[in-house]
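Structural overview for review
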Amino acid sequence: MNSSDRRFACPGLFRIVPSLDGGICRIKLPRGRLSAGQARALAGLAARHGHPEIEATNRANVQIRGVHAGEEEALIAALVEAGLAPKSSGADDVRNVMVSPLCGLDPEALFDVSDLADRVLARLEAEPRYHTLSPKFSIEIDGGESVAMIQHPNDIWFSAINGNSFAFGFSGVPGETPAGAVAAADVEAALFALLDQFIAMIGTRNAKGDKITRMRHLLVDRRPAEMAAALPCKVHAIGDWRREEPMALGHLGARRQIGGRFALGGVPPLGRIGPAMMRGLADLAAHVAGGEIRMTPWQSVLLPNIDESALPEAQERLEELGFVTRPDRTLAATITCAGSAGCKSGHTDTKADALALANAIDGWGTLIFGIHLTGCAKSCAAPRPAPFTLLGLNPGHYDLFVADKATGGDGGMAGFGERIGHDLTIEQAAQLLMQRKPTA
Ligand code: SF4
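Summary of the structure given here. Everything quoted here is computed from the prediction, not taken from an experiment.

**Details of the packing of aromatic side chains**
A ring pair, where both rings are aromatic, is described by two values, the distance of the centres and the angle of the planes. Counting across every chain of the model gives 7 aromatic pairs. Through successive ring pairs, a cluster of aromatic residues spans Phe158, Phe168 and Phe170. The ring of phenylalanine 192 carries arginine 123 above its face, with NZ or CZ at 4.0 Å from the centroid.

And the structure:
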């Protein structure tokens, strides 16, 4: 595929999409995994062909921004050489299977979904009919891990209820209006039967006249219920089942694994990993984690399989490299979109403003977690409202919204919650946030 194909569609490895600061090349990682060698290759390629800082995405992928015009094909060829490409260019977009970064490692998980996710990914890549799915069409396979992203909606989700069965649902998050449950042994067949039904409807229109490209387009017609009823396996009602809440900030620091080893998580400030950070991370992974790095949907990294004896030194090294591994800085849970530095729709330089905001808050001796700065109302970095959203208005000025439990969910203006401040400077926003008795 030529890199200029579908110029304004989602970025991919084979489809480098133009943006304000150059091309964006998104590299989708099966189950978020990256080898130390691939991380080193990425560091070199980003420095050579684009912005040296690699971005971690909220779908546990990575992307290179600022790709120089005329160098797209060279970058693509080098990424293929590094083993970061799918088996065919047509299979790139379909690699959207979300799992916990602790998948296969978590002693609290209800089901180890690693093999299941691998089989699903392999089949999605191998069978061209699934390549007709939208590049944004995503599937979550949740084993009930204690560290899990259950705020990002997916087109189809399966979530373990126990070791024998999975709930499933559409266009939402695990536990949200489930359509039913199937036996664990039937998940793969059920998922592909749903995909086959959906693919047959792609391009047709729903009752509102919308062209069907995502599962949400079917919700108006109640067709998901019909799809579930037509599955080639037994579908159970699941009553008032709710997915257990994952651990807050569980992606930070050390987590004990099955077998007694540890996984160690670190957040690169604002999701950006510079070349020295990436090379250092690769070296550390090779030294303590069997060469494995896992990207997470919190725009962060996790190193698995670390011996207890190596853990303190590994955590210290990760901090030295610039990753936040403890909830001792507001940047541990602050996210932004590209903002005006990288996106023509951005009204504000979200990255620079986020650093100033976090520094101001930390400087006052407190911490606030769950801040999202967005350059416009599209909210690319946060599919669901963050506890605190700063919506860019014009350079250095934001509206501030709160969507915490006390103020009630995700309604309100712009869908970010209750607006508690208008046209604030960063200093004013920091002061107002301090008054809100923030939650960890
Ligand atoms: S939220 Fe707006 S400003 Fe930010 S990256 Fe998306 S479109 Fe651009």
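Back to the write-up after that little detour.
**Quick look at the nonpolar core**
Membership of the largest hydrophobic core comes to 45 residues, with the highest contact counts inside it found for Ile27, Leu34, Leu42, Leu79, Met278, Ile293 and Met295. Considering each element in turn, this core owes the most residues, 7 residues, to helix α6 (residues 275-288). If near-sequence neighbours (up to four positions away) are discounted, isoleucine 27 is found in contact with Leu13, Leu42, Asn61, Val62, Ile64, Leu79 and Leu84.

**A short note on helix α4 (residues 187-201)**
Between its terminal C-alpha atoms α4 stretches 21 Å, which fits the 21 Å expected from 15 residues at 1.5 Å a residue. Among the 15 residues of α4, 11 are classified as buried, and the element is accordingly described as predominantly covered. Here α4 has its buried residues at Val187, Glu188, Ala190, Leu191, Phe192, Ala193, Leu194, Leu195, Phe198, Ile199 and Met201. Turning to α4, the residues buried within the fold contact α3 (114-126), β7 (139-142), β8 (154-160), β9 (165-172), β10 (180-183) and α5 (223-229). Immediately beyond the C-terminal end of α4, within one or two residues, lies glycine 203, with a positive phi of roughly 90 degrees.

Conventions adopted
Residues numbered from 1 in each chain as written. Predicted model: local features only at pLDDT ≥ 70, side-chain atom pairs only at ≥ 80, totals over all residues. Heavy atoms only, no water. Phe/Tyr/Trp six-rings, centres within 6.5 Å; stacked < 30°, edge-to-face > 60°. Lys NZ or Arg CZ within 6 Å of the ring centre and 35° of its normal. Core = buried A, V, L, I, M, F, W, Y, C linked by side-chain atoms within 4.5 Å. Buried < 20%, exposed > 50% of the residue type's maximum accessible area, 1.4 Å probe, protein only. Helix = DSSP H or I, 4+ residues; strand = E, 2+ residues; numbered from the N terminus. Contact = heavy atoms within 4.5 Å. Expected span 1.5 Å × (residues − 1).

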